[in-house]
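Structure assessment
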Amino acid sequence: MVFRFLILFILVALLELYAFQAIKTITRLRWVLIVYIMVSLSAIVFIGYQFTKFDRSVGQTKMTMITFGLLLLVLLPKFLLSLMLLFEDLYRLIVGTSNYFSNYNKDVSFFPERRKFVSQIALGLAAIPFASLIYGMTFGKYNYKVIKQRLFFEDLPDTFDGFTITQISDIHSGSFDNPDKINYAIDLVNEQNSDMILFTGDIVNTHAKEMHPWIDTFKRIKEHKYGKFSVLGNHDYGEYVTWPSPEAKDENFEAIKDLYGQIDFKLLLNENVFIENGEDKMALVGVENWGNNFKKAGDINKASANLTKDDFKILMSHDPSHWEYEVKDHEKNFHLTLSGHTHGMQFGIEIPGYFKWSLVQYVYKQWAGLYENKGRYVYVNRGFGFHAYPGRVGIMPEITVIELKKGKYTV
């Protein structure tokens, strides 16, 4: 533990040293340097203090989210700045070494002076993530996007041609702080007029009480002709805090499961229901959370025990790694899987239809949007809410509308 703190201290010290050098290179005004030192030191002390106050029996709070957001504001821009100045230092070292061994003017300092324009460029680059993080915490976290996707299946039952599904995921109600924005998002959900709505888990961060102020808001999601269904997410199990007793944890879990009913969603727990439309039907399968690195309560075989390979099936499974490891090649042929969980890491770059990138892609093969394997699809919703970092940059909160069409599949 002491070694970890030592490494962290050295890292922060190096970042601060480089950042101060950049400021000092572009200005010699004493008051500017003093203000910079005071602001940086205050931020670091505040962050350090808040980390010492973290209570694992409580878990994430509004203050821990603010602290984490401030941590990113302090470290990420300075990391980019320091990286650029580090490359300049390598250049200075090469030039200095070359000059020394070539007997070039021994009276000149070994290191060439730091160049002002390099520091200016470095500060300019650092301003990009700084401004982006500020935007993400003020506007981006509620910048809801309705994303529409049309999927083709040759074996789709005839009467389901044109059937529409709205998907929401990862509400994380304990993170909300703006009722007007949440009501706006609910209005967007209702405006889609889909045939069915599916919620793929994580109604809270940890505690059932987080959702209590928002129950009436989410009850505003109107009835859909073919129902409102949901599954659990990894955060719904209360795994990320220390409980006073197993009974307290179980009580919270039961209360969380009850929340779904309180907002009029039918919670599917390793089970399925048939959605009937005229003479045709399709199976809606819902599993508990199954994650490669998280709780494995999902049982796809139990959930589909009464189904055959020929039944048209839609699976709700919170974590997309489930599709990667168990679902995509399953013998019962799950036509469409709907997931969430990743949030797209809430930070990335996305140009719809052309390019998307986030660090989360190095952890999850399927992390945002549509993926296909042998005519079987998984769609990963980018999430309705936010967690840990109290914002979104580049990866916006999502309401998905999927239209099922009969025909040859295309990607």
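Residues numbered from 1 in each chain as written. Predicted model: local features only at pLDDT ≥ 70, side-chain atom pairs only at ≥ 80, totals over all residues. Heavy atoms only, no water.

**A closer look at the overall build of the protein chain**
Across its full length, the protein chain carries nine helices and 14 strands. With respect to the three principal axes, the spread of C-alpha positions in the protein chain is 95 × 50 × 40 Å. The 411 residues of the protein chain split such that 49% are buried. Taking as baseline every contact in the protein chain between residues at least 6 positions apart, the subset at least 24 positions apart corresponds to 77%. Within the structure as shown, the protein chain displays about 20400 Å² of accessible surface, and the carbon and sulfur contribution to it stands at 61%. Counting 44 positive and 45 negative side-chain charges, the protein chain places the centres of these two groups 9 Å from one another. (Helix = DSSP H or I, 4+ residues; strand = E, 2+ residues; numbered from the N terminus. Buried < 20%, exposed > 50% of the residue type's maximum accessible area, 1.4 Å probe, protein only. Contact = heavy atoms within 4.5 Å. Areas by Shrake-Rupley, 256 points an atom, 1.4 Å probe, with all protein chains shown as cover. Lys, Arg positive; Asp, Glu negative; His and termini not counted. Charge placed at Lys NZ, Arg CZ, Asp CG, Glu CD.)

**Comments concerning a nonpolar patch on the surface**
Residues F3, L6, I7, F9, I10, L14 and L17 make up a contiguous nonpolar surface patch of roughly 720 Å² in combined accessible area. By the element assignment, I10 lies in helix 1 (residues 2–26). (Patch = residues over 30% accessible without salt bridge, like charges linked within 9 Å, V, L, I, M, F, W, Y side chains within 5 Å. Salt bridge = Lys/Arg side-chain N within 4 Å of Asp/Glu carboxyl O.)

**What to know about the packing of aromatic side chains**
To describe a pair of aromatic rings, one takes the distance between the centres and the angle between the planes. As enumerated under the stated definition, the model contains 18 aromatic pairs in all. What links up through ring pairs into an aromatic cluster is the set Y142, Y144, F176, W214, F218, F384 and F386. K281 extends its terminal NZ or CZ atom over the ring of F274, reaching a point 4.2 Å from the ring centre. A cation sits over an aromatic face here: K356 above W367, 5.3 Å from the ring centre. (Phe/Tyr/Trp six-rings, centres within 6.5 Å; stacked < 30°, edge-to-face > 60°. Lys NZ or Arg CZ within 6 Å of the ring centre and 35° of its normal.)

**Examining the packing of helix 2 (residues 30–52) against helix 3 (residues 62–101)**
For the pair helix 2 and helix 3, the least separation of the axes is 10 Å and the interaxial angle reads 135°. By the angle between their axes, helix 2 is oblique relative to helix 3. The way helix 2 lies across helix 3 gives a crossing that is left-handed. Along its contact with helix 2, which presents Y36, S40, A43, F46, I47, Q50 and F51, the element helix 3 presents M63, T67, L70, L71, V74 and K78. Per-class residue counts for the contact of helix 2 with helix 3 are nine nonpolar, three polar and one charged. (Axes fitted to C-alpha atoms, helices over the stretch in contact; angles between N-to-C directions. Parallel < 35°, antiparallel > 145°, perpendicular 65-115°, else oblique. Left-handed = near helix turned anticlockwise from the far one by under 90°. Nonpolar A, V, L, I, M, F, W, Y, C, P; charged D, E, K, R; others polar.)

**Quick word on the sheet that holds strand 13 (residues 376–380)**
In spatial order, the strands read 6-7-8-9-13-12; together these six strands make up an open sheet with mixed pairing. Each edge of the open sheet carries a strand with a single partner, namely strand 6 (271–277) and strand 12 (369–373). Between one strand axis and the next, the sheet turns by 20° as a mean value, whatever way the strands run. Two strands pair when backbone bridges link them, and strand 8 (residues 313–316) and strand 9 (residues 336–339) are joined in this way by three bridges, in the parallel orientation. Residue pairing across strands places L315 opposite T337, the latter belonging to strand 9. (Pairing = 2+ DSSP bridges.)

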